[in-house]
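Each chain, written out:
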Amino acid sequence: MFKDRADVGQRLGNQQYIASNEIATVIYLAQSLCKPILAEGPAGVGKTELAKAWAAALGAPLVRLQCYEGLDESKALYEWEYAKQMLYTQLLRDTLRNVLGDVASLAEAASRLAQEEDVFFSENFLLPRPLLKALTSDEPVVLLIDEIDRADVEFEAFLLEVLSDFQVSVPELGTIRAKHQPMVLLTSNNTRELSEALKRRCLYLYVGYPTLEAELDIVHLKVPDLRPELARQAVATVQQLRNMDLRKVPSISETLDWARALVALNARAIDEETMSSTLTVLLKYEADVQKAKRMMGNGGRRGPGNR
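Anyway, here's the lowdown on the structure attached to this text.

Quick notes on the rules
Residues numbered from 1 in each chain as written. Predicted model: local features only at pLDDT ≥ 70, side-chain atom pairs only at ≥ 80, totals over all residues. Heavy atoms only, no water. Helix = DSSP H or I, 4+ residues; strand = E, 2+ residues; numbered from the N terminus. Buried < 20%, exposed > 50% of the residue type's maximum accessible area, 1.4 Å probe, protein only. Contact = heavy atoms within 4.5 Å. Areas by Shrake-Rupley, 256 points an atom, 1.4 Å probe, with all protein chains shown as cover. Pairing = 2+ DSSP bridges. Axes fitted to C-alpha atoms, helices over the stretch in contact; angles between N-to-C directions. Phe/Tyr/Trp six-rings, centres within 6.5 Å; stacked < 30°, edge-to-face > 60°.

A tally of helices and strands in the chain yields 16 helices and nine strands. The proportion of buried residues among the 307 residues of the chain is 44%. Taking contacts inside the chain between residues at least 6 apart in sequence as the whole, the part at least 24 apart equals 75%. In the structure as shown, the chain presents an accessible area of about 16100 Å², 50% of it carried by carbon and sulfur atoms.

The following block contains the structure:
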């Protein structure tokens, strides 16, 4: 476990994740207070990477639940392995014949089978999904509930029991409590407003776009082959694009993709030709590409590096 906030920052840094003081503080408090973290912010700013770095820094397994519209308990919690149950039924035909050998009616047969149903609805036939895996793990895990804002409100309500008591109810087995309370990080891209009940159970963390210097540090760390002066020019360009009225501004992950593209192309500078041919690495809509070209000088660059 982390000793203090400085230890959080150092160990996340060892996993190539540059954590601000706010991030290090919230991670440490989540550990100390045994509370989940709700990390909100634009897509691609490193929320998911934070969970991965957190798990790696602690040497703990990462269990990930990717949320989407229509996600329900059976996909997130558990399913019964019906194929395995049917296979065992076939393999145990002789035993079933002995159980049902002297029955006189269908009703009596159904009654006898009902007495044996616990055999088929036991942990041997339970297929754990991410939430149950995290609760029943023999060692502490980091549970990433990614993009919770994409899930339905009903699923969000279901999560309240898990995040409050770290237990779930399986009708056939009863209540299953966590062997070790998982460290939980929920991420949200703000596509919809989350409930106050969910937010109340979590420590809140906003992860936004970094400053120029902070983003430059990330580029140096993740793409060390990019020459320092070109890295600064690239980051300054991205920062300029984020100030434009675009449908989708570049994320940190797209900055890194662009930096790697510049290395692959052996670019010497971000001139008009390089900018025009690689702008789609940063921007994902044609309207944004055309707007950026117009505002930055017909395909050239009118950013801090060329003034």
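Here the narrative resumes.
Right, let's talk about the sheet that holds strand E8 (residues 183-188) for a bit. An order of E2-E5-E8-E1-E9 is seen for the five strands of this open sheet, with the pairing classed as parallel. Each edge of the open sheet is held by one strand with a lone partner, namely strand E2 (62-66) and strand E9 (203-206). Neighbour-to-neighbour, the strand axes of this sheet turn through a mean angle of 20 degrees, independent of strand direction. Of the pairings in the sheet, the one linking strand E5 (residues 142-146) to E8 comprises four bridges and is parallel in character. Directly across from Leu-144, in E8, lies its bridge partner Leu-185. Relative to the sheet, helix H2 (residues 21-33) contacts strand E1 (37-40) and E9, its axis offset from that of E9 by approximately 165 degrees.

On to the side chain of Ser-188, then. Structurally, Ser-188 can be placed in strand E8. According to the relative accessible area criterion, Ser-188 is buried, its value standing at 0%. Not counting chain neighbours up to four residues away, the residues in contact with Ser-188 comprise Leu-38, Ala-39, Glu-40, Gly-41, Lys-47, Ile-148, Asp-149 and Leu-194.

This part takes up the pairing of E2. By the alternation rule, side chains of E2 split into Val-63 and Leu-65, which are all buried, and Leu-62, Arg-64 and Gln-66, of which none is buried. Across five bridges, the pairing between E2 and E5 is parallel. Bridge pairing links Val-63 to Leu-143 in E5.

A few words now on unusual backbone geometry. Not every positive phi belongs to a glycine, and Cys-34 is a case in point at roughly 55 degrees. Take Cys-34: it is sitting in the loop between H2 and E1. Within the chain, Phe-166 stands out as a residue other than glycine whose phi angle is a positive 50 degrees. Secondary-structure assignment places Phe-166 in the loop between helix H10 (153-165) and strand E6 (167-170).

This paragraph deals with the packing of aromatic side chains. For the structure shown, the criterion picks out one aromatic pair. Where Phe-155 meets Phe-158, the ring centres are 5.7 Å apart and the plane angle is 45 degrees; that geometry is what we call tilted. Placement of the pair is Phe-155 and Phe-158 together in helix H10, with a separation of three residues, close to one helical turn.

Residue placement: Met-183 occurs in strand E8. When the C-alpha atoms of Met-183 and Pro-36 are compared, they prove to be 6.5 Å apart, with 147 residues separating the residues in sequence. Excluding its chain neighbours within four sequence positions, the residues that come into contact with Met-183 are Met-1, Trp-54, Leu-58, Pro-140, Val-141, Val-142 and Leu-143.

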